[in-house]
Structure formats: C-alpha cells, structure tokens
Amino acid sequence: MDEKHKELIRGRTRDLTDALSKGIEKVCDYLSEKKIITTSMKDNTLHGDKPREKAHQLLVLIVERGNRAFGKLYEASKHAGLKDAADILCPDKGPHSVSSDTGCAVAFKKDLDDQPLPEWPLKEHFERIKTNKLVVKSVTEQSNPSMFGNYQKHLNKKTTYPMFHRSRGNALVINIKNFNDSSKETRTCSEWDVKGVDQLFTGLGFHVKIEDNGKHEIEKAISIEMGENHTDHDCFVFYMMSHGEEGIVFDKDGNSVSMQSIINTISDCKDLKGKPKLIFFQACQKDAAPCNGAGIECSGTYNDVRLGSLALSEDDIPSDVFVFKSPDGTSSVRHTDYGSYFTQAVTFIFSEYAYSCELLDLHRKVNALLSTAEIIRGQPQMVSEVLYVPGKKMYFFPGCYDEK
C-alpha cells in the first residue's frame, strides 16, 4: 500500500472504525475471498465481542497487506453497503451517501503538482520574512468568491472542522535558542524561524504569543495558555523549537520535558474540545555527528517518537490533534543565514497554498519541498510526518469569516 493511502487510513481511523463496524464481518469475508487477508487473519480480526474493536484491528492489519489492499477495502465497503466508509476511502468516486460533504471538499481541491517548487535556499521568501512582508494569500484574492460561501452552505461538521471566527484562535510559539546548559549548543538563526512562524499564523488569523528563549518554563507556559478562554476560537496552534532526544524536548536549563505530556495537556483543554489542535515539534538529538557544508549547521537528528499510530489502542489516541514531527534518521538542518529547512518549508507552503488546500495537502506539499533540499553527508533533508491525525479535514481559509 502506498504512503498516501496509509496516511488516509491512519488519518481517518476513528471515522473508518465507526463506518466499518456496521458490517465488519462482510468486509472481512470479502477481503478473505479476494486473498487480501488469510483465513487465520480474518478469524483473528473477528475474534472478540465489540464490532468497533474488530474494525480497528482490521485497519491495523490492512495497511501492511500490499498494493491491492486499499482498492479491495474500498470494494469491500461498497459490497457490504457501507457508504460512509466508501466516501472516506475514495471521495473522488462519491458521494456514496447523502451525508457526505465530498462535493464541497472536491470544489476546494487544487492540483498541487502543477505548481513549480522554488529552489533552495528560499532567498525571496526569507527576504519577505526579514522585512516583515510575508503575505498569506487569502481566499478572496486568489479563489472563486463563492468558495467560502459553499463551505458554509455544505459543511458537514462530522467530517470537516468549522473555521468561521475572524480570530481563528491562539498560536503559542516557544523557541529555545540559548541554553544555560553548556552541553547544548546555541540554535543559530532560530530567531528567523520565530519571525516567519509569527507572520504566517498572524496572516492565517491567529493571535500569536511568543515565548522566546524560555521566559517561562515550557510546561508553565503551556499551562497558562490552556487556562485562557478559548470558547470563541476555532483552533489552537503550538509550535515548539528546541533541542531534544527521543520523546522529549529541553528547556533553557537543559531539563527534559515529555512531548507526550505536552500533547496530553493541550488535548485535555476543555475549551478546545472538538476543535483542531496543531502541534509542531522541531527538536533534535544532541549526539549526531557534525555535518559539513557552506552555510549549513546540523544540531542533531530528528527522532520519530511514534506519538500516536495505529499500534496504539484506539482509546489512547488524543482527539482532534495533529502532531507534525520529522522522522528518525534525518538531519536537523539549519542554514546559518535563513534558519531551519523545515520551518522555511512550512511558512512558504502554508502562506502560498492555505487559501485553497486542506491541511494534509499542505503537509504533502511541505514534504515535496523538503525532499529537494540540499544534500548533507550524502543524505537529503528528509520529509516530515503527521502523527495523531484526526478523522476530519481542516481548511484555514485565510481572509474569510462569518460576520454573524
């Protein structure tokens, strides 16, 4: 199964579990007949009393069953009369059910592959950030004027997050550049990353709060933010930049803070229940070998901490949380003039395409840009992952809001 289909299944785990549970026996019978799963696999999947647990077990299994598995799962869903599942798996072939908001989503979709990628380093983009002139393209300027109206009219809150408020919500940015711990090197030029993230999310309609170089302890800063009133907000963003090791980030004194603890604290905020929460970790491993290259610094490697995958129990996956993290074995590359490659890619892609693209489409475009970055020690700057992906779509729609 290709990565795009794996990502879709992992991103819509909750919705697919609900949809498939209504006919899980028929789905498994069909997949067994088509030799996608063996008889023993079918028996193991169907062992137990709860249909949702059976459906979840099938999703864990199906992503490892080869290139035919996704298409046959779609066919099995149709065969079993599970129209909602078919809509989730192949929205371009639907809508299969009247409850689907597929038509609305298709209307927003842009062919990202038609857009040429810039070359590294992103000098023009950086100059805009440096001079506080980063512009986030808005729906009203770039798209069909009726686009947001169609979104309002056809929105299905079961499959798409509403984004209607003039102020989308708060974005908390924590950057640790200098460390009191002498074993932690200064994160050179991270101030440009902060500047870019600030301008990006301000342009996307967020109120940006910056904790530069740890004015408060990381956990305290997050706790203070979670105590704020988020009732009239659509979304929340947390962007963390520091050194780190597997599963942790470091504060300015070199103390470790659990990434899982950060995620749980944000996920548990009552005012943000049912609302999308975007969490970005830019944290490196300290013991990586140094890399060589003009204008390049490496402070370590990113760790894929596997925070929330299908290997977790379904009940352990936090609700409505997107976690952006770079995978294991890749260099945390910063240009000594422009800042980190990852944040450069995020600020460029989001500012250029958020007016029309869903969040996961933006992520795929970020990865496409990262994959073209300069080669260090024979290895390119690797792409990022989205972990803990909720089962809903999210559009920023900069420049659009409901006046009511």
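None of the values given here were measured: they were computed from a predicted structure.

A. Fine view of helix H14 (residues 259-267). Residues Met-259, Ile-262, Ile-263, Ile-266 and Ser-267 constitute the buried set of H14. Down the axis of H14, the buried side of the element spans an arc of 125°, and every buried residue falls inside it. Capping the start of H14 is the job of one residue whose side-chain oxygen sits 3.2 Å from the backbone nitrogen of Gln-260: Ser-258.

B. Layout of the pattern of salt bridges. One pass over the structure, following the stated rule, counts 10 salt bridges. Notably, a salt bridge pairs Lys-42 with Asp-29, separated by 3.2 Å at the nearest N-O pair. In this pair, Lys-42 sits in helix H4 (residues 39-46) while Asp-29 sits in helix H3 (residues 24-33), placing the two residues 13 residues apart along the sequence. A relative accessible area of 33% places Asp-29 in the partly exposed class. Here Glu-225 makes a salt bridge to Lys-209, at a shortest N to O gap of 2.9 Å. Of this pair, Glu-225 sits in helix H13 (residues 218-226) while Lys-209 sits in strand S2 (residues 206-212), and the two are 16 residues apart along the sequence. We classify Lys-209 as partly exposed; its relative accessible area is 23%.

C. Structural view of empty space enclosed by the protein. Using the criterion set out here, one finds four cavities of 30 Å³ or more in the structure. Estimated volume of the largest cavity: approximately 70 Å³. Forming the boundary of the largest cavity are Leu-122, His-125, Phe-126, Ile-129, Trp-192, Asp-193, Gly-196, Val-197, Tyr-338, Thr-343, Gln-344 and Thr-347. Looking at the lining of the largest cavity, the elements with two or more residues in it are helix H9 (123-130), helix H12 (190-203) and helix H15 (341-353). Among the elements that take part in the lining of the largest cavity, H12 stands out by supplying four residues, more than any other. When its residues are assigned to classes, the lining of the largest cavity shows six nonpolar, five polar and one charged.

What counts and what doesn't
Going along each chain's sequence as written, the residues are numbered from 1 onward. Per-residue local features of the predicted model are confined to residues with pLDDT of at least 70, and side-chain atom pairs are confined, for both listing and counting, to 80 or more; whole-chain, interface and lining totals are unaffected and use all residues. Calculation of side-chain values draws on the structure's entire complement of heavy atoms; hydrogens and water are dropped beforehand. Any residue under 20% of the maximum accessible area for its type is buried, any over 50% is exposed, and the rest in between are partly exposed; the area is computed with a 1.4 Å probe on protein chains only. Think of it this way: any DSSP run of H or I at least four residues long counts as a helix, any run of E at least two long counts as a strand, and we number them from the N terminus. The arc in question is formed by the directions pointing from the helix axis toward the C-beta atoms. Polar contact criterion, stated in full: a pair of N or O atoms within 3.5 Å, where within protein one must be able to donate a hydrogen and the other to accept it, and residues adjacent in sequence count only if both atoms are side-chain atoms. What counts as a salt bridge is simple: a side-chain nitrogen of Lys or Arg found within 4 Å of a carboxyl oxygen of Asp or Glu. Grid points spaced at 1 Å and placed over the protein atoms alone form the basis of the search, with a cavity being a set where a 1.4 Å probe fits but cannot get out and a pocket an open set showing protein on both sides within 12 Å along at least five of seven lines. Lining residues have an atom within 4 Å of a point. Grid points are joined across faces, edges and corners, and a volume is the space filled by probe spheres set on the points. Gly falls in the polar group here, along with every residue not listed as nonpolar (Ala, Val, Leu, Ile, Met, Phe, Trp, Tyr, Cys, Pro) or charged (Asp, Glu, Lys, Arg).

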